[in-house]
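Residue-level structure breakdown
So you can see what is in the structure, the chains are spelled out below.
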Amino acid sequence: MQRALTLHQTTIGKKVAMALSGVILVGFTVGHFLGNLNLYLGQEAMDGYAETLQSLTPVLWGTRLLLLFAFGVHIASAISLWVRNTQARGSRYKKRTDLATDYAARTMYWSGPILLLFVVYHLLHFTILPDHPGEVYRNVVEGFQNPLIAGVYMAANVALGFHIFHGFYSAFQTLGANHPRYNSYRRDAAIAISAAITIGNLSFPISVLAGLVTL
Amino acid sequence: MQLRSNEPTGPIENRWEKHKEANKLVSPANRRKYTVIVVGSGLAGGAAAASLGEMGYNVKCFCYQDSPRRAHSIAAQGGINAAKNYQNDGDSVYRLFYDTVKGGDFRSRESNVFRLAELSVQIIDQAVAQGVPFAREYGGLLGNRSFGGAQVSRTFYARGQTGQQLLLGAYQALSRQIEAGTVEMFSRTEMLDLIVHDGRARGIVTRCMKTGKVSPHIADMVILCTGGYGNVFYLSTNAKGCNCTAAWRTHRHGAAFANPCYTQIHPTCIPQAGTYQSKLTLMSESLRNDGRVWVPRKKEDVTKRPEDIAEEDRYYYLEERYPAFGNLVPRDVASRNALYVTNDGLGVGPEVDGERRGVYLDFGDAIDRLGEQTIQERYGNLFEMYERITNDSPYETPMRIYPATHYTMGGLWVDYNLETTIPGLFAGGEANFSDHGANRLGASALMQGLADGYFVLPFTVGNYLGEVRTLPPLAEDHADVTGAVTAVEERIQKLMNAPDPKHAPEHFHRMLGRIIWTKCGMSRNKEGLEKALRDIPKLRDQFWREVKITGTGEELNQTLERAGRVADFFELGELMCLDALRREESCGGHFREEHEENGEALRDDDNFSYVAAWEWTGTPGEPRLNKEPLTFEYVKPSKRSYK
Amino acid sequence: MSEELLNLTLHVWRQDGPDDAGRFETHQAKDITTHMSFLEMLDVVNELLIENGKSPIAFDHDCREGICGTCGMVINGVAHGPQKLTTTCQLHMRQFKNGDEIWLEPWRASGFPVLKDLVVDRTAFDRIIQAGGYISIRTGSASEANELPVAKEIADQAMDAAECIGCGACVAACPNASASLFTAAKISHLSLLPQGQAERQDRARKMVAQMDAEGFGGCTNHGECEAACPKGVSLRWIARMNRELVRAMVTADAPIESRKR
């Protein structure tokens, strides 16, 4: 008796799971970035925004659980595909020349774990073990005034940009949306969204370092 | 040897129906008790194995390629004929039959040809239902074109890859049967001998090309769909692996070989560029619709760039010699005239073995008249293919072309049931001789392969098995089986251990090919054929003495595979020359220089209206000739003239 | 028509059999004319090896006109070599320069075990087709061919997908050794046509299950397969296969059984 296959047990199903969970994560990233723009409105706006979020307990925890689930699915599928894909090659090529792939696609298996480590650090830094509980604006500005911390955030956001670029572009393909007439728009959209998030997120530590945002 | 064609009699329109009605049948419940071996998985073999498996027979299918999808049927570009009359231009089964008999220069069997034309209609239905993506018109219905000078548009096509798509259709049908368990597929497995027991074909001996293991396979009957023998010329448009070994081995067991000298030479191939060349590439004949064929008028101009040769120094020999048809004369006439002008030292292109074998096909006028755009639309992919191989752009400089062997009309002699002279041994597709006579019309090869595979063999196999009922079991340790296995093993050992090993098999194959091409090609004469018949046995002896194969027989050994095939080409090549020598007439593309009238082929219906079926006597070069007389009740022989 | 002579250094993967570890061997190819095809260059090297009593380099090839799909090797890290839309057998030596070093490797994939040197076993592709890459039509039971019109655009798309020659370059080029392009081409060809509708969902599920069972990797959308494909088979068919599979898996009454290699 052979086992029965469900969608998620196929390689395509795993990619579909990655694409769908990825869409959730990208959606969150966009919302997160938009919320953080409060930084430019000053301490009051930022802390007030944080407080509002905290007060909406069911929404907050609902979002957190959804994100946790999306992360879980994304990471589990990635690991399972990675193991499979490594085994599928067998012996390695002595010479290998890439024709079509790009830096973002090639480095997904690096940018992914980097982002995971960053998310853990980011949560510890601002959410779980903040220096000044409740004072989000102060935590951010004090944190980014340290060039080392700012550097970590900037590096991670560059990785995020690449990861989202390939992930977003590729999700369309995985979910079956590939049409010669619209493919260039798909690419443009991936560039736009990954660039917007990266540049926007980089602007926070840069503004702090440049002294444009201060306590 | 008795040659009984077993054709039905009566009105030709009813012969196949009548024959099917008289057929013996095997009941569905009994079919799985019969094992049928099919050798080859091209259009004929793949279609036969799939259809027989589907009917319930226990089928074993063999191919030398790594997958049944790769048989050389895949390379056919142009299309497949069918008398559908979708274009309302007056086509009919009768007209297709008529054109095929006439095109074959009255050397084919009328009953077979009529059946082929009749079945052509069903083939298209079958292929479309399988998902073959034939070209379509904007209304969604199937498109047709006129092909090879036909006066009706009856050719169905799938871009330039009709053979590929039809083969994939058959391959997919075969795959379905493999999945269903009715067909067992043996790829990378080469048939090296036939097992004959009690006068009937009862199995084959194969060599596994991965491990070298030689094994017998016992069955109730054997079908060969092993393609043609064009590679006897060494350079041909065939795939490198195409060979005559399976057919030749059965010939040595008593299967008559018919009309071996009938080979088709295609006029528009890319010429040989050097002695190292391994194969020739065909380009569609449609190129002659707009290209003008010429050579320099003066010998001293042959090394000049064609652009530097003045208009009055260009010899448009087809236009001058055949004003009515010009560049569109039939294949054989175009080919033969290219030979004559190059024989006169007017050939162009690189010198290979001291000769320039090429003529120009010039699109300059066509580009001036129609514009580059139109030419590109018509021939863009062909021009690209030409440039890829030669590095010359036909938009800028004339193409160079030269004839090359493309198809072999000769093959195993079969009756109306496609049964050879060995009971229980059948042959389909290019491997048999049956339907094309002395010359094959364009877009007819695919038609014949599929007609044999899908529609003829499934009936006649049932008839044979229904007639013999039960055959006595044949054990693997029976002397007829072990004897065949031992013979194969001994032959491998003999090849591996030549007394004075010097050269790879290709070395000898090239020399054999040169003899066959120059002496038994598109133009032949008594003197040349007699010389070939003296030279081939000498070269064959040298081959057996000096062939060098490294490695062992018990592994993947491509040199050994080739050596075995070359050895059989030597014997076949000799038979071709003998057949050509005895056929004292010019028919089809086979010009006997002694038999001509004002430079045109002169057929001799009084003395040569027969199929030459050669019988093996035990000694190469000394076969016995049997004649199957041909009668023409419907299409009366007439003379071809293109002047 | 200008001709040059090349002297080349070949680093060729030699492997005696499926269980051998394999190694690179260096051979010189001398006086190779630029008009030779790549395989003719190897023929010359091999004939010399045989005359010197050495074992020739085993490589697969048959039609030598780019349609049968038998040939294929990785040349300097690129499946089928440097010329786009060209099989190994159609590659000519004018693509190389005098003194070039050329690395020759087999298709490397667990789904394609090496049989010898550059020859690999691609029967996995046959098994993927056997799993469902056909339209089940009994010989002789087809209806009249023009009964069912097919829009020209759809027929052309089906032909685009059907051009696949099954050479395996997609697997060789894919960083994950995925057979997605091959499988997708056949699923797309048959799902586009009206004749292929009855088995459409079953076909997608079974062929994908077989593709996975053969040990090929998954698609991660690099596009290397499309770039290496000698017939230019498009990535869009992979997107279509994904659609076909999701729809089939989601709407099926019962899950299908997994398949064996």
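Predicted, not measured: the structure shown is a model, and the values here were computed from it.

**Brief notes about the overall build of chain A**
Counting secondary structure elements, chain A contains eight helices and one strand. In sequence order, the secondary structure elements of chain A are arranged as β-α-α-α-α-α-α-α-α. If you line up chain A on its principal axes, its C-alpha atoms span 60 × 40 × 35 Å. Of all 215 residues assigned to chain A, the portion counted as buried reaches 40%. When contacts within chain A are restricted to residue pairs at least 6 apart in sequence, long-range pairs at least 24 apart make up 77% of them. Accessible surface, chain A as shown: approximately 11,900 Å² in total, 70% of it carbon and sulfur. Charge centroids of chain A, computed over 15 positive and 9 negative side chains, lie 28 Å from each other.

**Regarding the confidence of the model for chain C**
On average, residues of chain C score 96 in pLDDT, and 99% of them reach the 70 mark or higher. The ipTM, which scores confidence in the relative placement of chains, is 0.98 for this predicted complex, and the corresponding pTM is 0.97.

**Observations regarding the pattern of salt bridges**
Pairing is possible between side chains that carry opposite charge, provided their charged atoms lie close to one another. The final tally for this structure, using the stated rule, is 78 salt bridges over all chains. A salt bridge links Asp98 of chain A to Arg106 of chain A, with the shortest nitrogen-to-oxygen separation between them at 3.5 Å. Close ionic contact of Glu190 of chain B with Arg565 of chain B constitutes a salt bridge, the shortest N to O distance being 2.7 Å. Residue Glu190 of chain B is found in strand S6 (residues 189–197), and its partner Arg565 of chain B is found in helix H16 (residues 558–582); the two are separated by 375 residues along the sequence. The residues Glu190 of chain B and Arg565 of chain B share a single accessibility class, namely buried. It is possible to trace a salt-bridge network through shared partners that takes in Asp105, Arg107, Arg583, Glu585, Arg603 and Asp605 of chain B.

**Details of the interface of chain C and chain A**
Facing the 52 residues of chain C at the interface are 44 residues of chain A. Of all residues in chain C, the largest losses of buried area upon contact with chain A belong to Arg108, Asn221 and Ser258 of chain C, amounting jointly to 15% of the total for that side. Across the contact surface, chain C and chain A share zero salt bridges. The interface formed by chain C and chain A contains 28 residue pairs in polar contact (both at pLDDT 80 or more). Every element with two or more residues in the side of chain C that touches chain A is listed here: strand S5 (101–105), helix H4 (169–173), helix H6 (200–213), helix H7 (224–228), helix H8 (236–251) and strand S8 (256–257) of chain C. The element contributing the most residues to the side of chain C that touches chain A is H8 of chain C, with 10 residues. Per-class residue counts for the side of chain C that touches chain A are 30 nonpolar, 13 polar and nine charged.

**A few points about the domain arrangement of chain C**
All names here are of chain C. Taken domain by domain, chain C holds domain 1 (5–116) and domain 2 (123–251). Measuring from the centre of the C-alpha atoms in domain 1 to the corresponding centre in domain 2 gives 29 Å. Taken together, the contacts link 17 residues of domain 1 with 19 residues of domain 2. Summed over both partners, the interface of domain 1 with domain 2 comes to about 1,200 Å²; 65% of that surface belongs to carbon and sulfur atoms. Taken together, the links from domain 1 to domain 2 amount to zero salt bridges. For the pair domain 1 and domain 2, the interface holds two residue pairs in polar contact (both at pLDDT 80 or more).

**Side note on the interface of chain B and chain C**
The partner chain C presents 84 residues to the 80 residues of chain B that form the contact. With both sides pooled, the region where chain B packs onto chain C buries about 6,600 Å², and carbon together with sulfur makes up 49% of that total. When residues of chain B are sorted by the area they lose upon contact with chain C, Arg70, Tyr276 and Arg388 of chain B head the list and together hold 11% of the total. Counting the contacts that link chain B with chain C gives nine salt bridges. We note a salt bridge from Lys84 of chain B to Glu144 of chain C, for which the minimum N-O separation is 2.9 Å. Linking chain B to chain C there are 47 residue pairs in polar contact (both at pLDDT 80 or more).

**Section: empty space enclosed by the protein**
Inspection of every chain in the model, using the stated rule, returns 19 cavities of 30 Å³ or more. Its boundaries defined by the atoms lining it, the second largest cavity holds a volume of some 250 Å³. Lining the second largest cavity are 21 residues; nearest its centre among them are Gln277, Lys279 and Ile389 of chain B together with Glu40 and His92 of chain C. Of the residues belonging to the lining of the second largest cavity, the class tally is seven nonpolar, nine polar and five charged.

**Remarks on the pairing of strand S1 (residues 5–14) of chain C**
Residues and elements named next belong to chain C. Buried residues dominate S1, accounting for eight of its 10 residues. In the sheet, S1 pairs with strand S2 (residues 23–33) via nine bridges, with the strands oriented antiparallel. Along S2, the bridge assignment pairs Arg14 with Arg23.

**A short note on the arrangement of the chains**
In this assembly two pairs of chains touch, with chains B and C having more contacts than any other pair. The two units chain A and chain B never meet; even their closest C-alpha atoms stay 17 Å apart.

**What to know about the state of the cysteines**
A complete count under the given rule lists zero disulfides over all chains for this structure. Free cysteine: Cys61 of chain B, not disulfide-bonded; nearest cysteine sulfur from Cys63 of chain B at 6.5 Å. Cys170 of chain C provides the cysteine sulfur closest to Cys164 of chain C, a residue in no disulfide bond, and the two sulfurs are 6.5 Å apart.

Parameters and conventions
- Residues numbered from 1 in each chain as written.
- Chains lettered and ligands numbered in written order.
- Predicted model: local features only at pLDDT ≥ 70, side-chain atom pairs only at ≥ 80, totals over all residues.
- Heavy atoms only, no water.
- Helix = DSSP H or I, 4+ residues; strand = E, 2+ residues; numbered from the N terminus.
- Buried < 20%, exposed > 50% of the residue type's maximum accessible area, 1.4 Å probe, protein only.
- Contact = heavy atoms within 4.5 Å.
- Areas by Shrake-Rupley, 256 points an atom, 1.4 Å probe, with all protein chains shown as cover.
- Lys, Arg positive; Asp, Glu negative; His and termini not counted.
- Charge placed at Lys NZ, Arg CZ, Asp CG, Glu CD.
- pLDDT = per-residue confidence, 0-100.
- Salt bridge = Lys/Arg side-chain N within 4 Å of Asp/Glu carboxyl O.
- Buried area = accessible area lost by both parts, 1.4 Å probe.
- Polar contact = N/O pair within 3.5 Å; in protein donor to acceptor, adjacent residues only side chain to side chain.
- Nonpolar A, V, L, I, M, F, W, Y, C, P; charged D, E, K, R; others polar.
- Domains from an automatic or database assignment.
- 1 Å grid on protein atoms, 1.4 Å probe; cavity = no way out; pocket = protein on both sides within 12 Å on 5 of 7 lines; lining within 4 Å.
- Points joined across faces, edges and corners; volume = space filled by probe spheres on them.
- Pairing = 2+ DSSP bridges.
- Disulfide = S-S within 2.5 Å.

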